[in-house]
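# A structural walkthrough
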Protein chains: 2
Amino acid sequence: MEHGRVGIVGGGQLGRMLTDAALPLGFAVTVIDPVENCPAAQAGAEQIQASLKDPDAIRSLASRTDVVTWEIEDIDVTALEGLPTAVEPSPYTLGTIQDKLRQKRMLVRAGLPVAAFMDLDPNRLDRDVDMAFKAFGAVIIKARTGGYDGRGNMSVRPDNSQGIFDRFGDTQLYVERLVPFQKELAVIVARDVLGNIAQYPVVETIHENNICHLVLAPAGIDPRIRADAEEIAHETAGHLDGAGVFAIEMFLTDGDELLINEIAPRVHNSGHHTIEANATSQFEQHIRAITRLPLGSTEMISPAAMINILGERNGPVALRGLGRVLSLPGTHVHLYGKEPTKMERKMGHIVVISDDVEEARVIALKARRELTI
Amino acid sequence: MEHGRVGIVGGGQLGRMLTDAALPLGFAVTVIDPVENCPAAQAGAEQIQASLKDPDAIRSLASRTDVVTWEIEDIDVTALEGLPTAVEPSPYTLGTIQDKLRQKRMLVRAGLPVAAFMDLDPNRLDRDVDMAFKAFGAVIIKARTGGYDGRGNMSVRPDNSQGIFDRFGDTQLYVERLVPFQKELAVIVARDVLGNIAQYPVVETIHENNICHLVLAPAGIDPRIRADAEEIAHETAGHLDGAGVFAIEMFLTDGDELLINEIAPRVHNSGHHTIEANATSQFEQHIRAITRLPLGSTEMISPAAMINILGERNGPVALRGLGRVLSLPGTHVHLYGKEPTKMERKMGHIVVISDDVEEARVIALKARRELTI
């Protein structure tokens, strides 16, 4: 497919950066997004203004594009499955990943390492959770579907589980062993339509309030662990269907064990630095993969730190401090054009390039403090 | 100025890449361009569809933006001078540069090296050219205004000058010594509003039919000559008014002398590789400069070769070979979204990143051969 049109379900910052990658390769882009003049539309994508879950909008997207993909996993798999247009990666993979319990089972079947888990029978929650406490010690209860940025996850103690169940309502749940970890790691991995796989160097992700706050590339870990993490990500991609970029998030446990936490079937916050720091960005890589172009090199050009710019208030955007940020060495600012600013809303990110990742981290934290939005 | 709107006269590939640089810094962009859905508009710029020389369009652009700049020098300086909005770089500088004879005189006054030249009196052309032949030996006659990509330049021999004059018609002319050169070099240089200057490493430009064909970064020249070229560019920028990016094109003569050929008061084809190969691209640098943000580092991240994708036929765009290009190591493709393809039209460019500039050149030439558009 050359010179075609790419359809993306979702036109937020990920859709915007996919658009930035698609246009210079000669593709036009159409996105679905409910927000008028969404971030991707500002960067040149045509926009179908509709809910991401609107099957009519998805059919309309498919009818005017050559391949359909997504920037967010919380969308209607059924609507994607019946389309006459290519859909990448496969809706089946999306369906598996959307249901965290199915995802975990798939990983176990593939022989990949995950924390111990068990299904919770909605009719026997108390008994099941009790069993989990006995088997796993500390546990975390998770919604099977719909959670992201930590939403839908709840740590529980034996004495407070009933309140938790009330908060989840009718959502289907499962329970996982709560594993003490030293670090969270992530590997961005890409698959082309032929099944060729290319993984990026492993990064460390640092979360605050369950939202990705800081990414350090490369991760400061033992080379053996690094190699293992990349190997696990590579193998995981081999068990997924369809072409595109996936993020494999892992825990490095206190016992130096690697466990897959979850898979994102899309470009991911833990790969934003690849625009500046790698030979091919995750966004271009995804566009290449879904349009049947060859994958690009994932080689690291420079160490980098990425820090998210999350809203710290509610109100109209009022940008201050950009000049101070840009006067710091190696800074690259990406604002997403969102309006208004909201608490915890992802408004942009800053990437800092440096020969030393620790120096990049220090500059990134300083840069973030200089900026208000 | 933070969170404002940038106005650009011209929305071709340079306006498009300026737009790509402006949006992530939080700026909106409006361009003037006569072509419906021009390259910059496709990348998210608002477009005023009008002639670049339409003073009403320029006033309208100024009324809706916080700073006005341009991507092409062949525009109406008078219209720019009366605007109530900031204009960068200064219209006075643009006026000087538009008239190549005034430009040359400015450079001579500044003590900067240029080939010998003289004015041609339209009433005594034969006599004046005769005088030039005697003084300079081989000469080249140039139109004072309106020429670019070599248009408006004519080599003449003593026996064919009359035919040349007929072809120029009423255009004002001047004559220059035709200097045999080994290489053409270029230095991109940026000035901020305070007069701080940052120059990029010198590159070699290789022209075909007077159009920039290939850029090699860094130029394969003696370190002393490299330092001199960068010093000359730095000094030249010191004699220009206003903020922004300028390209200083030079000849390295057969006698190892550096002569300034001409100045482009804008981002330039010889700086396209800076998107991938330098810490700050020329496009972001220009946006920073004109919006009163600090200049970024011009440091080279990697050697690179840039090759233009010029149209080789007339007709609708029909892209072929993109996959083969992207399977070559280090290739980055930038298509401009122009329609239709025309002979010699700048349809896109390819940048190749490599540890070795000679290897980058070989891959760039191969990549260009693989692609048809």
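The next subject is the overall build of chain A. On a plain count of helices and strands, chain A comes out with 13 helices and 18 strands. Taken over the C-alpha trace, chain A has a radius of gyration of 20 Å; the compact-globule value for 373 residues is 21 Å, and the two agree within 12%. In terms of overall dimensions, chain A has a C-alpha envelope of 55 × 50 × 45 Å along the principal axes. Out of the 373 residues in chain A, the part that is buried amounts to 61%. For chain A, the centre of its 37 positive side-chain charges and the centre of its 51 negative side-chain charges are spaced 4 Å apart.

This next bit is on the interface of chain A and chain B. By a widely used convention, the size of an interface equals the accessible area lost when the partners come together. Opposite the 30 residues of chain A that make contact, chain B presents 30 residues. Across the interface of chain A and chain B, roughly 2500 Å² is buried in total on both sides, 57% from carbon and sulfur atoms. On the surface where chain A and chain B come into contact, there are eight residue pairs in polar contact (both at pLDDT 80 or more). Elements with a minimum of two residues in the side of chain A that touches chain B: α11 (282-290), α12 (322-326) and β17 (331-335) of chain A. Per-class residue counts for the side of chain A that touches chain B are 14 nonpolar, ten polar and six charged.

Take the relation of the copies chain A and chain B next. Screw-axis analysis of chain A against chain B gives a translation of 0.0 Å along the axis, an RMSD of 0.1 Å, and a rotation angle of 180°. Read as a symmetry element, the transformation amounts to a two-fold axis. The C-alpha atom lying nearest the rotation axis in chain A is that of Gly44 of chain A; the distance is 2.1 Å.

Attention now moves to the environment of Lys142 of chain A. Residue and element names in this part refer to chain A. Within the element layout of this structure, Lys142 appears in strand β7 (residues 139-143). Considered as a pair, Lys142 and Arg226 are 84 residues apart in the sequence and their alpha carbons are 28 Å apart. Side-chain polar atoms of Lys142 contact the side chain of Glu176, separated by 3.3 Å. At 3.3 Å, the side chain of Lys142 forms a polar contact with the side chain of Asn261.

On to the pairing of strand β1 (residues 5-9) of chain B, then. All names here are of chain B. When you tally the buried positions in β1, you get four out of five residues, the bulk of the element. This β-α-β element, β1 to helix α1 (residues 13-22) to strand β2 (residues 28-33), shows right-handed connectivity. Bridge analysis of β1 against strand β4 (residues 67-70) gives four bridges, and the strand direction is parallel. Bridging across to β4, Val6 finds its partner in Val67.

So, about the sheet that holds strand β5 (residues 86-87) of chain B. Strands sit in the order β3-β2-β1-β4-β5 (chain B) across an open sheet of five strands; the sheet is parallel. Either end of the sheet is taken by a strand with one partner, and the two such strands are β3 (46-49) and β5 of chain B.

Take the side chain of Gln13 of chain A next. Residues and elements named next belong to chain A. Mapped onto the fold, Gln13 is located in helix α1 (residues 13-22). For Gln13, a relative accessible area of 12% puts it in the buried group. The residues touching Gln13, leaving out its near neighbours within four places in the chain, are Pro39, Glu71, Tyr336, Lys338 and Lys346.

Residue and element names in this part refer to chain B. One ladder, built from three bridges, connects strand β10 (residues 181-191) with strand β12 (residues 203-208); its direction is antiparallel. Residue pairing for β12: Glu184 is matched across the bridge by Thr205. Direction of pairing for β12 relative to strand β13 (residues 211-217): antiparallel, over a ladder of five bridges. Its bridge partner being in β13, His207 is matched across the sheet by Cys212. Counted between consecutive antiparallel strands, the loop separating β12 from β13 contains two residues, among which Asn209 sits at a positive phi close to 50°.

What the rule picks out here adds up to four aromatic pairs over all chains. In this structure, Arg102 of chain A is placed above the aromatic ring of Tyr92 of chain A, and the distance from its NZ or CZ to the ring centre is 5.6 Å.

Residues and elements named next belong to chain B. It is the contact of helix α5 (residues 91-98) with helix α6 (residues 100-109), at a shortest axis distance of 5 Å, that shows an interaxial angle of 105°. As the angle between them shows, α5 and α6 are arranged roughly perpendicular. On the side of α5, the interface is formed by Tyr92, Gly95, Thr96, Ile97 and Gln98, while α6 contributes Lys100, Arg102, Gln103 and Met106. The class makeup of the residues in the contact of α5 with α6 is three nonpolar, four polar and two charged.

Applying the stated criterion to the full structure yields two cavities of 30 Å³ or more. Empty space within the largest cavity amounts to approximately 80 Å³. Surrounding the largest cavity, 16 residues form its lining, Tyr200, Pro201, Val203, Ala217 and His273 of chain B being those nearest its centre. Secondary structure elements with two or more residues in the lining of the largest cavity: β10 and α10 (274-277) of chain B. If you tally residues by element for the lining of the largest cavity, the top one is β10 of chain B, at three residues. The computed volume of the second largest cavity comes to approximately 40 Å³. Looking at the second largest cavity, the residues that line it are Pro201, Val202, Val203, Ala217, Pro218, His273, Asn278 and Met300 of chain A. Taken together, the residues that form the lining of the second largest cavity break down as six nonpolar, two polar and no charged.

A few words on the pattern of salt bridges. One side chain can pair with another of opposite charge once the charged atoms of both are near each other. Under the counting rule described, the total for this entry stands at 40 salt bridges over all chains. The partner of Asp99 of chain A in a salt bridge is Arg144 of chain A, with the nearest N and O atoms 2.6 Å apart. Of this pair, Asp99 of chain A sits in the loop between α5 (91-98) and α6 (100-109) while Arg144 of chain A is found in the loop between β7 and β8 (153-156), placing the two residues 45 residues apart along the sequence. Per residue, the accessibility class of Asp99 of chain A equals that of Arg144 of chain A, and both read buried. Across the pair Lys142 of chain B and Glu176 of chain B runs a salt bridge, and its minimum N-O distance is 3.3 Å. Of this pair, Lys142 of chain B sits in strand β7 (residues 139-143) while Glu176 of chain B sits in strand β9 (residues 173-177); the two residues are 34 residues apart in sequence, bridging distant segments of the chain.

Assignment of secondary structure puts Met306 of chain B in strand β16 (residues 304-310). If sequence neighbours within four positions are ignored, Met306 of chain B has contacts with Cys212, His213, Leu214, Val215, Asn269, His272, His273, His349, Ile350 and Val351 of chain B.

Turn by turn, an α-helix covers 3.6 residues, leaving residues three or four places apart pointing in a common direction. Residue and element names in this part refer to chain B. Buried residues dominate α5, accounting for six of its eight residues. Listing the buried residues of α5 in full gives Pro91, Thr93, Leu94, Gly95, Thr96 and Ile97. Of the surrounding secondary structure, the elements contacted by the buried residues of α5 are β4, α4 (77-81), β5, α6, β14 (244-253) and β15 (258-264).

Together, Glu299 of chain A together with Asp355, Asp356 and Glu359 of chain B give the surface a local cluster of negative charge. In this structure, Glu299 of chain A sits in the loop between α11 and β16 (304-310).

Residue and element names in this part refer to chain A. Note that Ser281 resides in the loop between α10 (274-277) and α11. Residue class for Ser281 comes out buried when judged on its relative accessible area of 13%. Of note is the side chain of Ser281, whose polar atom sits 3.0 Å from the backbone nitrogen of Glu284. Once residues within four sequence positions are removed from consideration, Ser281 is found in contact with Tyr200, Thr274 and Ile275.

Overall, the predicted model of chain A reaches an average pLDDT of 93, with 95% of residues at or above 70. This prediction of the complex comes with two scores: 0.95 for pTM and 0.93 for ipTM.

Cut-off values and rules
Residues numbered from 1 in each chain as written. Chains lettered and ligands numbered in written order. Predicted model: local features only at pLDDT ≥ 70, side-chain atom pairs only at ≥ 80, totals over all residues. Heavy atoms only, no water. Helix = DSSP H or I, 4+ residues; strand = E, 2+ residues; numbered from the N terminus. Rg over C-alpha atoms; globule rule 2.2 N^0.38 Å. Buried < 20%, exposed > 50% of the residue type's maximum accessible area, 1.4 Å probe, protein only. Lys, Arg positive; Asp, Glu negative; His and termini not counted. Charge placed at Lys NZ, Arg CZ, Asp CG, Glu CD. Contact = heavy atoms within 4.5 Å. Buried area = accessible area lost by both parts, 1.4 Å probe. Polar contact = N/O pair within 3.5 Å; in protein donor to acceptor, adjacent residues only side chain to side chain. Nonpolar A, V, L, I, M, F, W, Y, C, P; charged D, E, K, R; others polar. Least-squares fit on C-alpha atoms with pLDDT ≥ 70 in both. Right-handed = clockwise from strand over helix to strand, strands pointing away. Pairing = 2+ DSSP bridges. Phe/Tyr/Trp six-rings, centres within 6.5 Å; stacked < 30°, edge-to-face > 60°. Lys NZ or Arg CZ within 6 Å of the ring centre and 35° of its normal. Axes fitted to C-alpha atoms, helices over the stretch in contact; angles between N-to-C directions. Parallel < 35°, antiparallel > 145°, perpendicular 65-115°, else oblique. 1 Å grid on protein atoms, 1.4 Å probe; cavity = no way out; pocket = protein on both sides within 12 Å on 5 of 7 lines; lining within 4 Å. Points joined across faces, edges and corners; volume = space filled by probe spheres on them. Salt bridge = Lys/Arg side-chain N within 4 Å of Asp/Glu carboxyl O. Patch = residues over 30% accessible without salt bridge, like charges linked within 9 Å, V, L, I, M, F, W, Y side chains within 5 Å. Areas by Shrake-Rupley, 256 points an atom, 1.4 Å probe, with all protein chains shown as cover. pLDDT = per-residue confidence, 0-100.

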